[in-house]
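Structure assessment
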Amino acid sequence: MYEFRTLLDRFWVTRTENRELFFSLKRALPDCRRMVNELLGWNLVANERVIKLEKVPPRALPWMGIQSFQEPLDYCLLCAVLLFLADQDDGAPFLLSSLTQAVETFLGEIQPVDWTRFPHRKSLVRVLQYAQEVGLVLACDGDSALFGNDQSQEVLYENTGLSRHFPVHFGRDIMELRSIEDFEALSWEGDETEQRRRRVYRQLALAPGLYCSDQTQSDYDYIKNLRRMVGANLDQFLNGELQVYKNGAFFLMSDGERCGALYPGTRALSDVALLLCAQLREQIEQGVYPRREDDTVLLTRREFRYELERCRARYGNGWGSQLRACSLDRICEELTAYMAGWMLLDELDEDILLCPAAGKLVGRYPVAYQNGPEEVGEDEPLEDE
């Protein structure tokens with residue numbers, strides 16, 4: 001269902017931003033409510049100004065944050081900005097200097113800020129640019145980016161009034177919750193069957209998959225026993241195929257369908273991950289690295305770096321110029337974070353744990369490739385498996 005995928009893909013859809021899409025979604029809301037209310041247990045905000053699906057995951061993953069944010073301070077400042085906007089009338093103008101004064105007051109006893117410090121100003125710039133991007137505020141005169149270099153810069157904003165719809169409504173008092181784990185525990189409260197169903201659909205809708213482990217055994221059993229029904233429901237709303245294995249379950253979008261971030265994607269790191277996974281699969285099949293009972297493989301960080309070095313020696317001339325210029329350590333650092341985000345590996349203290357999907361999602365260059373730029377162009381596609 002196109003409309004549901006749109007709600008899943010976007011933070012929200014506003015009437016001002018896209019009037020045609022807004023009313024198209026509004027007409028389709030009755031068809032979406034079974035998936036939203038019964039299967040996912042999410043809130044669906046719909047009024048005369050905005051339509052928003054409040055996507056709450058069963059477990060937090062690193063990539064689920066705001067991608068443009070870099071520091072915890074960014075999130076503190078965002079909360080302070082939301083508090084400031086809550087006191088403003090819809091359409092009311094305000095100056096950046098008024099906002100910075102209010103933010104200092106709100107965060108005084110929690111996370112003090114000092115606008116003479118460059119990192120604090122840059123953090124606020126990221127927050128303000130994000131607020132403009134999602135439509136919380138409009139910049140009427142001036143540029144917030146200039147505040148990063150000069151704290152005396154002034155900007156005139158307008159409050160759109162959408163800030164009141166920004167926070168997620170959990171349906172209960174959350175003042176006693178202190179950690180991510182406390183919020184995750186909410187998905188285990190209440191009727192056991194209902195919560196398990198919702199956890200399963202949330203995980204398959206938002207994350208690359210669900211691995212079978214001691215913690216997720218009941219969720220995996222639910223998918224395994226009701227795989228036909230779960231697959232049919234996901235296919236109806238997302239258009240794809242549920243694949244269930246002895247070590248996990250994955251929902252794969254149909255060819256040509258797009259919803260959220262995709263793997264493999266257009267980033268050069270995506271190609272490197274596919275090539276490295278194919279090489280690691282060969283090594284595992286040859287017995288170089290033993291496979292454990294749950295189909296995971298434990299590598300030391302030194303072994304992982306060694307395999308990446310071999311991969312670059314074999315295929316490096318086919319990588320983009322920017323990636324070829326990076327040091328091996330830099331590529332290794334970025335690649336492990338990227339693969340961890342796609343549940344291809346877990347970063348442990350001293351080791352790297354390869355997940356089963358690393359052996360399934362692999363790719364190779366065309367047969368004609370001989371590791372030379374004259375044989376194949378940089379834009380030559382991988383042959384995905």
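Description of the structure in this document. Every chain is numbered independently, its residues counted from 1 as its sequence is written. Only residues with pLDDT of at least 70 are given local features in this predicted model, and only at 80 or more are side-chain atom pairs given and counted; all residues enter the totals for whole chains, interfaces and linings. The side-chain values count all of the structure's non-hydrogen atoms but skip hydrogen atoms and water molecules.

When two helices pack together, their arrangement is captured by the angle between the axes and the distance separating the axes. Helix axes are fitted to C-alpha atoms over the stretch in contact, other axes to C-alpha atoms as well, and angles between N-to-C directions run from 0 to 180 degrees. Only runs of H or I of at least four residues qualify as helices and only runs of E of at least two qualify as strands under DSSP, and these elements are numbered from the N terminus. At a minimum axis separation of 8 Å, helix α1 (residues 2-9) and helix α2 (residues 19-40) run at an interaxial angle of 80°. Taken together, the axis directions place α1 and α2 in an arrangement best described as roughly perpendicular. Contacts from Y2, E3, F4, T6 and L7 of α1 reach α2 at L21, S24, L25, A28, L29, C32, M35, V36 and L40. Tallied by class, the residues present in the contact of α1 with α2 amount to 11 nonpolar, 2 polar and 1 charged. The scheme is simple: roughly parallel for angles under 35 degrees, roughly antiparallel for over 145, roughly perpendicular for 65 to 115, oblique for anything else. Any pair of residues with heavy atoms lying within 4.5 Å of one another is described as a contacting pair. Classification convention: Asp, Glu, Lys, Arg as charged; Ala, Val, Leu, Ile, Met, Phe, Trp, Tyr, Cys, Pro as nonpolar; all other residues, Gly among them, as polar.

What makes a nonpolar core is a set of buried Ala, Val, Leu, Ile, Met, Phe, Trp, Tyr and Cys residues whose side-chain atoms join them at distances within 4.5 Å. Accessibility here uses a 1.4 Å probe with only protein chains present; expressed as a share of the type maximum, an area under 20% marks a residue as buried, one over 50% as exposed, and anything in between as partly exposed. In this structure, L276, F304, L308, W319, L335, M339 and L354 are the most contacted members of the largest nonpolar core, which totals 40 residues. Breaking this core down by element, the ones donating at least two residues are α10 (268-285), β10 (297-300), α11 (301-315), α13 (328-341), β12 (351-354) and α14 (357-360). For L335, the contacting residues outside a window of four places in its chain are L269, V272, A273, L276, F304 and L308. With 35 residues, the next largest nonpolar core counts W42, L53, L206 and L242 among its residues.

Opposite charge on two side chains allows them to pair when their charged atoms are near. A carboxyl oxygen of Asp or Glu within 4 Å of a side-chain nitrogen of Lys or Arg is what we treat as a salt bridge. The tally for this structure, following the rule as stated, stands at 18 salt bridges. For D90, the salt bridge is made with R164, and the minimal N-O distance between the two is 2.9 Å. Residue D90 is located in the loop between α3 (72-86) and β4 (93-95), and its partner R164 is located in the loop between β6 (156-159) and α6 (180-184); the two are separated by 74 residues in the primary sequence. As a salt-bridge pair, E194 and R198 come within 3.7 Å of each other at their nearest N and O atoms. One end of the pair is E194 and the other is R198, both in helix α7 (residues 192-206) and 4 residues apart, which spans about a single turn. Look at E194 and you get partly exposed, because its relative accessible area is 28%. Here the salt bridges share partners, and the residues they tie into one network are R49, D90 and R164.

Here the focus is the packing of aromatic side chains. In summary, the pairing rule links any two rings of Phe, Tyr or Trp, Trp by its six-membered ring, whose centres are within 6.5 Å, and it sorts them by plane angle into stacked for under 30 degrees, edge-to-face for over 60 and tilted for everything else. Using the criterion set out here, one finds 17 aromatic pairs in the structure. Aromatic pair F11 and F166: ring centres 5.0 Å apart, planes at 35°, arrangement tilted. With F11 in the loop between α1 and β1 (13-14) and F166 in the loop between β6 and α6, this residue pair connects regions lying 155 residues apart in the sequence. You can call F166 buried: its relative accessible area is 12%. For the pair F69 and Y75, a centre-to-centre distance of 4.9 Å together with 75° between the ring planes defines the contact as edge-to-face. Among the aromatic residues, ring-to-ring pairing joins F11, W12, F69, Y75, Y130 and F166 into one connected group. When the ring centre of W188 is taken as reference, the NZ or CZ atom of R199 above it lies at 3.5 Å. Whether a charge lies above a ring is judged from NZ of Lys or CZ of Arg, which has to be within 6 Å of the ring centre and within 35 degrees of the ring normal.

Turning to the pairing of strand β9 (residues 248-253), a few remarks are in order. Strand pairing is assigned whenever DSSP detects at least two bridges linking the two strands. The sheet contact formed by strand β7 (residues 210-211) and β9 spans 2 bridges and is antiparallel. Directly across from Y211, in β9, lies its bridge partner G248. Here 6 bridges tie strand β8 (residues 240-245) to β9, and the two strands are oriented antiparallel to one another. Looking at the pairing, Y245 lines up with G248 of β9.

In this chain, Y263 is followed by P264 through a cis amide linkage whose omega measures -5°. Relative to the elements of secondary structure, P264 occurs in the loop between β9 and α10. Residue N239 is not a glycine yet carries a positive backbone phi of 65°. Considering the arrangement of structural elements, one finds N239 in the loop between α9 (227-238) and β8. A positive phi angle, near 70°, is found at D295, a position not held by glycine. Among the secondary structure elements, D295 is positioned in the loop between α10 and β10. Under the relative-accessibility criterion, D295 is labelled buried at 15%.

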